[in-house]
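# Report on the structure
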Amino acid sequence: DYSAVFEPGDYGGRWGLDANMVSLSRSEGPDMRRLSSTVSWSQPYYAPSGEVFTATAMVRADGYWSDNVSQSMVPGSTDGANMTGRVLPVVALDWRYPMVRDAGRMRQLVEPIVMGVISPYGGNRSDIPNEDSVSFEFDETNLFSLSRFPGYDRWDGGPKLNYGVRMAAYGESSGHVEFLAGQSLRAKTDDTFTEASGLRDQFSDYVGRLTVSPGRYIQLVDRVRLAQNGNLDVRRHEMGATLGTTTNNFTVSYADLRLSACN
């Protein structure tokens, strides 16, 4: 892996470059080689009203070479070697309006967030192997990502609108409480995702996180994903507590994964 972020220009825009190369060999089954390169540009704008706009443009190119592939594994391929590639362009606009006020010895924050993403459909053809995006989970950490998949082999394409709100309260010392919740809306359903993923339908499941830190050495986190149906069924629930510093700590956690995308 290689990643570089260049110095900002006169107006604050930044260029980024990412590259990835993989060579995977098996004693039995298909071998895979992948070369991926991404060029991105991001431009922030801070409005006098306090609104924050960030425009992003990105182009990614992937090349694949698979060996020991059979037609039964990859329909349309020939027995032996298979070569393919793709180009994935994306443009996005992120809008945030952080509203902050002081209330006694506490500082409060309310920040609505809306992100529009435009990219073409497709990119997940059957002749592209899936080695690094098999395990997938939709949560608040990738709600505002350009692609929700953790790896390169699968792509989250199509127009979509991500929206949510972040609220927080910070004390004069290290104590704070933070809440984040949101949802994603896509132009049409996408069968790239499974039914259990929470992203297949036009409206995604609701995701959220509550963080409570009474002091410097303790943090409690509760994360949840709720079905977008009227019953708000719990699809995934995680709770955790951390005691100690960043260098020495003890963590205990609980996760209910019965209806997660891993099933």
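Everything in this summary refers to the structure shown in the same document. Here, residues in each chain are numbered from 1, in the same order as that chain's written sequence. Only residues with pLDDT of at least 70 get local features here, since the model is predicted, and only at 80 or more are side-chain atom pairs given and counted; chain-wide, interface and lining totals rely on the full set of residues. Note that water and hydrogens are dropped before the side-chain values are worked out from all heavy atoms of the structure.

Before going further, it helps to examine the environment of Gln219. In DSSP terms, a helix is any run of H or I states spanning at least four residues, a strand is any run of E spanning at least two, and both are numbered starting from the N terminus. With respect to the helices and strands, the residue Gln219 is situated in strand β11 (residues 218-226). Three exposure classes are used, based on accessible area relative to the maximum for each residue type with a 1.4 Å probe and protein chains only: buried under 20%, partly exposed in between, and exposed over 50%. What makes Gln219 partly exposed here is its relative accessible area of 33%. Through-space distance from the C-alpha of Gln219 to that of Gly175 is 9.3 Å; in sequence the pair is 44 residues apart. Leave out the neighbours within four places in its chain, and Gln219 touches Thr211, Val212, Ser213, Gly240, Ala241 and Thr242. Two residues form a contact once any of their heavy atoms are found within 4.5 Å.

The next subject is the pairing of strand β7 (residues 106-118). One face of the sheet, then the other: side chains in a regular strand alternate in exactly this way. Only strands that DSSP links by at least two bridges are regarded as paired with each other. With five bridges connecting them, strand β6 (residues 99-103) and β7 associate as antiparallel partners. By the bridge assignment for β7, Ala103 is matched with Met106.

Aromatic contacts are taken between Phe, Tyr and Trp rings whose centres are within 6.5 Å, Trp giving its six-membered ring; a plane angle under 30 degrees counts as stacked, one over 60 as edge-to-face, and the others as tilted. If you walk through the whole model with that rule in mind, you get five aromatic pairs. With centroids separated by 6.3 Å and ring planes inclined at 35°, the aromatic side chains of Tyr45 and Phe53 adopt a geometry described as tilted. The exposure class of Tyr45 is partly exposed, given its relative accessible area of 46%. Here the aromatic rings of Phe136 and Phe149 are separated by 5.2 Å at their centres, their planes lie at 45°, and the arrangement is tilted. Residue Phe136 is located in the loop between β7 and β8 (160-171), and its partner Phe149 is located in the loop between β7 and β8; the two are separated by 13 residues in the primary sequence.

The next subject is the side chain of Arg236. Turning to its location among the elements, Arg236 is positioned in strand β12 (residues 234-244). Judged by its relative accessible area of 14%, Arg236 is buried. Under the rule applied, a polar contact is a pair of N or O atoms within 3.5 Å (in protein, one hydrogen donor and one hydrogen acceptor; residues adjacent in sequence only if both atoms are side-chain atoms). Polar side-chain contacts of Arg236 include one of 3.0 Å to the side chain of Glu137.

Now for the pattern of salt bridges. Salt-bridge detection follows one rule: a side-chain nitrogen of Lys or Arg within 4 Å of a carboxyl oxygen of Asp or Glu. All chains considered together, the criterion is met by 26 salt bridges. Of the charged contacts, one joins Asp190 and Arg186 as a salt bridge, the two residues approaching to 3.8 Å between their closest N and O atoms. Comparing Asp190 with Arg186, the two get one shared label, buried. Note that Arg236 is salt-bridged to Glu238, the shortest N-O span being 2.9 Å. An identical accessibility class is assigned to Arg236 and Glu238; each is buried.

Moving on to the pairing of β12. Here nine bridges tie β11 to β12, and the two strands are oriented antiparallel to one another. Counterpart to Gln219 in the pairing with β12 is Thr242. Across eight bridges, β12 lies against strand β13 (residues 249-256) in antiparallel orientation. Within β13, the position partnered with His237 by the bridge is Asp256. Turn length for the β12-β13 hairpin, with the two strands adjacent in sequence and antiparallel, is four residues.

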